[in-house]
Amino acid sequence: MTVRTYRAQVTGRFDGLEQPLRTQLLAEQPEHDLQLAAFTEDGTFTYTPTLTRFTFRCRIGVDADSAVEADELAAVEAEVMTIDYLTSRTIPFRQLRTTTTCLDDVRIKRPQPQRRRGQHHVHEE
């Protein structure tokens, strides 16, 4: 088994927010602004003042027998973390959508040295 590391993003919609909760979320919104979004082990919950959509971002380590199984487990774990967060704050929601990226599969493309304009390579014999 190998531990694979994922960045997960779960998006959803607020559903039927009662006025006291709307007021509370609006007051707390600066602490949940998109500028503060990060992939953390505990998760980051962000939303805009329109209170229509939200995003929960997290970093997850998954230990599984195969990459396919790890991909599926990462998505499920991200959704469970999101649902736990929302229900602990009694925030009604709908239409969750999850995307995951395995950081172990990401290839970093190194920049190639660039020549200056007008600079030509001359081969002398």
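Refer to the structure printed above.
Per chain, residues are indexed from 1 in the order of the written sequence. Totals for whole chains, interfaces and linings use all residues, but because this is a predicted model, local features are given only for residues with pLDDT of at least 70 and pairs of side-chain atoms are given and counted only at 80 or more. With hydrogens and water stripped out, all remaining heavy atoms of the structure feed into the side-chain values.

Describing the sheet that holds strand E2 (residues 44-47)
(1) Moving on: Strand pairing is defined by DSSP finding a minimum of two bridges between the two strands. Runs of H or I in DSSP of at least four residues are treated as helices and runs of E of at least two as strands, each being numbered from the N terminus. The antiparallel open sheet is built from four strands, whose spatial order is E2-E3-E1-E4. Bordering the open sheet on either side are E2 and strand E4 (93-102), each of which pairs with just one other strand. Between one strand axis and the next, the sheet turns through 25 degrees on average, direction left out of account.
(2) Moving on: In the sheet, strand E1 (residues 2-14) pairs with E4 via eight bridges, with the strands oriented antiparallel. Each bridged residue has a counterpart across the sheet, and for Arg 13 the counterpart in E4 is Arg 94.
(3) Moving on: Docked against the sheet, helix H2 (residues 67-88) engages E1, E2, strand E3 (53-64) and E4, running at close to 135 degrees with respect to E3. Axes here mean lines fitted to C-alpha atoms, for a helix over just the part in contact, with angles spanning 0 to 180 degrees between N-to-C directions. Contacts are assigned to residue pairs with any non-hydrogen atoms lying within 4.5 Å of each other.

With respect to the environment of Cys 58
(1) Moving on: With respect to the secondary-structure elements, Cys 58 resides in strand E3.
(2) Moving on: Residues Cys 58 and Arg 7, spaced 51 residues apart in sequence, show a C-alpha to C-alpha distance of 5.9 Å.
(3) Moving on: Those residues in contact with Cys 58 that sit more than four places away from it in its chain are Tyr 6, Arg 7, Ala 8, Phe 39, Thr 40, Gly 43, Ala 78 and Met 81.

Section: the packing of aromatic side chains
(1) Moving on: Centres within 6.5 Å are what make two rings of Phe, Tyr or Trp a pair, Trp counting through its six-membered ring; a difference in plane orientation under 30 degrees is then read as stacked, over 60 as edge-to-face, and the rest as tilted. Counted under the stated rule, the structure contains seven aromatic pairs.
(2) Moving on: Each ring, one from Phe 45 and one from Tyr 47, has its centre 5.4 Å from the other, and the planes form 50 degrees; the classification is tilted. Each member of the pair, Phe 45 together with Tyr 47, is buried.
(3) Moving on: Relative to Tyr 85, the ring of Phe 56 has its centre 5.8 Å away and its plane inclined at 40 degrees; by these criteria the two rings are tilted. Residue Phe 56 is found in strand E3, and its partner Tyr 85 is found in helix H2; the two are separated by 29 residues along the sequence. For every residue, the accessible area obtained with a 1.4 Å probe (protein chains only) is divided by the maximum for its type, and the residue is called buried under 20%, exposed over 50%, and partly exposed between those limits.

Quick notes on helix H1 (residues 19-28)
(1) Moving on: Taken together, the buried positions of H1 are occupied by Leu 21, Leu 25 and Glu 28. Buried positions in H1, seen along its axis, are confined to an arc of 65 degrees and lie on one side of it. Opposite its buried face, H1 presents the exposed residues Pro 20 and Ala 27, each directed more than 90 degrees away. Arc, as used here, means the arc of the directions from the helix axis to the C-beta atoms.

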